[in-house]
Amino acid sequence: MTTRKSIREQYLKFLDREPELDDLDFYCTEIENNRIHLDDLISILKNSDECIALLKNEIGKKNSEISTYNDIRINGKTISSGYRDSEKRYDEIFKFCKKFNRPISVLDLGAAEGYFTFRLSEDFSGVFIAVESNPQRKLLELCEKNNSKNILLLDKQMNLKHLKNLKEVQHFDIILALNVIHHFDEPFQDVLETLVSMSSFCFMEHPNVLENDSTKNYHRLQSETLHLEKFKPQLLNKTQSGLGNSINKKLDRTLWLLENTQPKTIDRGWRGTSKYDEQFGPDSDIKIKSNFDEISVDYGLRDEKRNWIPGIDLRTFLENNGVYPTNHEILKLIDDMVLDNAQDLGPHNLILNGSCLFPIDQNDKLDDVNTKEKLKDFLNKSGLL
Ligand SMILES: C[S@@+](CC[C@H](N)C(=O)[O-])C[C@H]1O[C@@H](n2cnc3c(N)ncnc32)[C@H](O)[C@@H]1O
């Protein structure tokens, strides 16, 4: 490499700009006459006020990225903006959710400041479940400020195994997988497939393959491009990444709507037993039948069909570190439960929707846990509450 090329490279690296021609001439002469070495120039550039100011700016940006990825929403108002365009993305999600003529269940994985969960909970009936474990997002605080009664928060850093476990026992009308799949250590495609398999529809946003090291796991973006063909992908919009240096910031990220075209099933009981097909043979799983007007569950084994109650069972909520509603509120919801001849009040038999606990399967068999006090005792003893 020529001396001039090396000098230019260092300018781009440390000052993020081209060298002035005079400076290029000056340093080239100095280096070629052995008055300084390239390492000396690197040291001069690194210690320059210009480079220090640039670094400070980068650090500032990184910190603000952590604190405000999406807009902050309190009591129906956006009170501050994040560095991603949340509203434009929400408009697409809103338009699609309008198609449902019934309450919906939505899982917002990697919810950050919860903008999408809060907006959906304002605009639709149903249950809206946020998953976020980074305390800097302050999502529990935001849930408490919003005091919404149709929101649940799981304070959990999910890995692929957690997602697979969740898939076996839950179904969501919609999953928001917005800019979160690339945070996983496991293969991106496996994460996506698991998410789609536990939902009817999935909104998915993923970094641009050209993004640089400001983006988590950027080095895997090229080698692990996502295959969307089997999910009838619809491209909804493109918004800038907003992340890193001026070039990276302008790269577009694409928002997709994906559809689960496979049979939707619940694969094992919420008590944590083995899978139905292992216990009872092939095709014994519970089938979810859903469209924009209705959702029901078909218990093939029991010749029973009934409406699906939006929410998640209390056991799954607590096992996945559910923190909103708080433990204190859960105890109150247990006290407020309306019971009629309760037979089995195990937490796997109680559907939580944020405002109440709804007992199901009370005619099956008598269980030891069949009163509110026994339930509290069980939760206490099993360390779930
Ligand atoms: C880049 S932000 C995206 C926020 C939001 N989904 C959006 O698009 O506006 C990713 C968020 O996902 C969270 N996150 C990353 N991996 C996660 C995981 N495995 N389980 C739960 N949350 C995760 C991070 O803490 C972070 O707040």
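Residues numbered from 1 in each chain as written. Predicted model: local features only at pLDDT ≥ 70, side-chain atom pairs only at ≥ 80, totals over all residues. Heavy atoms only, no water.

(A) Here's a closer look at helix α5 (residues 86-97). Taking 1.5 Å of rise per residue, the 12 residues of α5 would be expected to cover 16 Å, and the 16 Å separating its terminal C-alpha atoms lies within 8% of that figure. Here the buried face of α5 lies against β3 (104-109), α6 (115-123), β6 (172-178), β7 (199-206), β8 (234-240) and β9 (252-259). (Helix = DSSP H or I, 4+ residues; strand = E, 2+ residues; numbered from the N terminus. Expected span 1.5 Å × (residues − 1). Contact = heavy atoms within 4.5 Å.)

(B) Up close: the pairing of strand β11 (residues 286-290). The pairing of strand β10 (residues 264-266) with β11 spans three bridges and is classified as antiparallel. Along β11, the bridge assignment pairs threonine 265 with lysine 287. Connecting β11 to the next strand, strand β12 (residues 295-299), in antiparallel fashion are four residues. (Pairing = 2+ DSSP bridges.)

(C) Expanded view of the sheet that holds strand β16 (residues 350-352). Spatially, the three strands line up as an open sheet ordered β14-β16-β17, and their pairing is antiparallel. The open sheet terminates on both sides in strands that have one partner only, identified here as β14 (312-313) and β17 (357-359).

(D) Up close: the site of the ligand. The environment of the ligand is made up of 18 residues, and the closest members are Asn70, Glu132, Met158, Leu178 and Asn179. Between glutamate 132 and the ligand, the recorded distance is 2.6 Å, taken from a side-chain N or O atom to an oxygen atom. A distance of 2.8 Å is found between a nitrogen atom of the ligand and a backbone nitrogen or oxygen belonging to leucine 178. In the complex, 96% of the free accessible area of the ligand, which totals 590 Å², lies under the protein chains. Cavity membership is defined here by more than half of the atoms lying within 2 Å of grid points; on that basis the ligand lies in the largest pocket. A breakdown of the residues in the shell around the ligand according to their chemical character gives eight nonpolar, six polar and four charged. (Near = heavy atom within 4 Å. Polar contact = N/O pair within 3.5 Å; in protein donor to acceptor, adjacent residues only side chain to side chain. Areas by Shrake-Rupley, 256 points an atom, 1.4 Å probe, with all protein chains shown as cover. 1 Å grid on protein atoms, 1.4 Å probe; cavity = no way out; pocket = protein on both sides within 12 Å on 5 of 7 lines; lining within 4 Å. Sits in = over half its atoms within 2 Å of the grid points. Nonpolar A, V, L, I, M, F, W, Y, C, P; charged D, E, K, R; others polar.)

(E) Representation of the domain arrangement of the chain within the structure. Per the domain assignment, the segments making up the chain are domain 1 (3-65), domain 2 (74-262) and domain 3 (265-381). The C-alpha centroid of domain 3 is placed 26 Å from the C-alpha centroid of domain 2. Taken residue by residue, the interface counts 33 residues in domain 2 and 34 residues in domain 3. Of the roughly 2800 Å² buried between domain 2 and domain 3, counting both surfaces, carbon and sulfur atoms make up 57%. Between domain 2 and domain 3 we count three salt bridges in total. There are 15 residue pairs in polar contact (both at pLDDT 80 or more) connecting domain 2 and domain 3. Listed by contribution, the elements that provide at least two residues to the side of domain 2 that touches domain 3 are β4 (126-131), α7 (139-146), β5 (151-154), α8 (160-169), β6 and β7. Looking at side-chain class alone, the side of domain 2 that touches domain 3 contains 16 nonpolar, eight polar and nine charged residues. (Domains from an automatic or database assignment. Buried area = accessible area lost by both parts, 1.4 Å probe. Salt bridge = Lys/Arg side-chain N within 4 Å of Asp/Glu carboxyl O.)

(F) Structural detail: the sheet that holds β9. Taken in spatial order, the eight strands make up an open sheet running β8-β9-β7-β6-β3-β4-β5-β15, and their pairing is mixed. Of all the strands in the sheet, the pair left with one neighbour each is β8 and β15 (322-324). For this sheet, the mean angle separating the axes of adjacent strands, direction not counted, is 20 degrees. By the bridge criterion, three bridges tie β3 to β6 in an arrangement that is parallel. Bridge pairing in β6 places aspartate 108 opposite leucine 176. (Axes fitted to C-alpha atoms, helices over the stretch in contact; angles between N-to-C directions.)

(G) A look at the nonpolar core. By size, the foremost hydrophobic cluster in this structure holds 47 residues, and its most contacted members are Leu192, Leu195, Met204 and Phe317. With five residues, helix α9 (residues 188-197) is the single largest residue contributor to this core. No fewer than three residues from each of domain 2 (74-262) and domain 3 (265-381) sit in this core. In contact with phenylalanine 317, other than residues within four places in its own chain, are Leu152, Leu153, Leu154, Ile312, Gly322, Val323, Tyr324, Pro325, Ile330 and Leu352. (Core = buried A, V, L, I, M, F, W, Y, C linked by side-chain atoms within 4.5 Å. Buried < 20%, exposed > 50% of the residue type's maximum accessible area, 1.4 Å probe, protein only.)

(H) Region of interest: the layout of surface pockets. In this model, the largest pocket occupies a volume close to 810 Å³. Surrounding the largest pocket, 35 residues form its lining, Asn134, Arg137, Asn179, His183 and Lys216 being those nearest its centre. The set of elements that each furnish at least two residues to the lining of the largest pocket consists of α4 (49-67) and β3. For the lining of the largest pocket, the element with the most residues is α4, which contributes three residues. Residues that form the lining of the largest pocket fall into these classes: 13 nonpolar, 11 polar and 11 charged. (Points joined across faces, edges and corners; volume = space filled by probe spheres on them.)

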